[in-house]
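# A look at the structure
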Amino acid sequence: MAVRVRQHSYIQQPVAPPQQQPSKKQKVQKSKKIITLKERLLYIAFVVVVAFLAVSILHKQSTIQQTTYDIQKIEKQIAEIEKQNVDLKVQVSELSTYERILEKAKALGLTLNENNVKVVPGE
């Protein structure tokens, strides 16, 4: 087998000089922006609002926590005062017994006069 060589006849075309476009009619290509200015402003506004809300929520939570701490502190004080009140009531009941009052009266030089005693109902 023989290899055939192809012969192509090329016609050379004349090279045309590049055409210069008039400078007045130059087309300005607008580059497509992915995010427009309005969208950027909306995104920034959204981020600012979210940040403000986050700070606001954290502030409220810290205020609630501080108030809860104050409530617990006051409840502890109330419990201590109630305990003191119970102790003082026991002490009053011990000191107001008839025998003790009679003993203190005799120590001060007072005498018991049965005709001058009035009974007052107690609490």
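Read on for an overview of the structure. Numbering of residues starts from 1 in every chain and runs along the sequence as written. Owing to the predicted nature of the model, reporting of local features is limited to residues with pLDDT of at least 70; listing and counting of side-chain atom pairs is limited to 80 or more, with chain, interface and lining totals taken over all residues. Side-chain numbers here rest on the full set of heavy atoms in the structure, without hydrogens or water.

### Digging into the overall build of the protein
The helix count covers DSSP runs of H or I at least four residues long, the strand count covers runs of E at least two residues long, and both are numbered beginning at the N terminus. Within the protein one finds two helices and zero strands. Relative accessibility decides the category of a residue: with a 1.4 Å probe and only protein chains considered, values under 20% of the type maximum give buried, values over 50% give exposed, and everything between is partly exposed. Going through the 123 residues of the protein one by one, you find that 1% of them count as buried. Counting only carbon and sulfur atoms, one obtains 59% of the accessible surface of the protein, whose full area is about 13900 Å². Per-residue accessibility takes into account occlusion by the displayed protein chains alone, with areas from the Shrake-Rupley method and a 1.4 Å probe.

### Overview of helix α2 (residues 98–107)
Counting buried positions along α2 gives one out of ten residues, so the element sits mostly on the surface. In the stretch just after α2, Gly-109 is the one whose phi turns positive, near 90°.

From the geometry alone we can't say anything about function, so treat these as descriptive.
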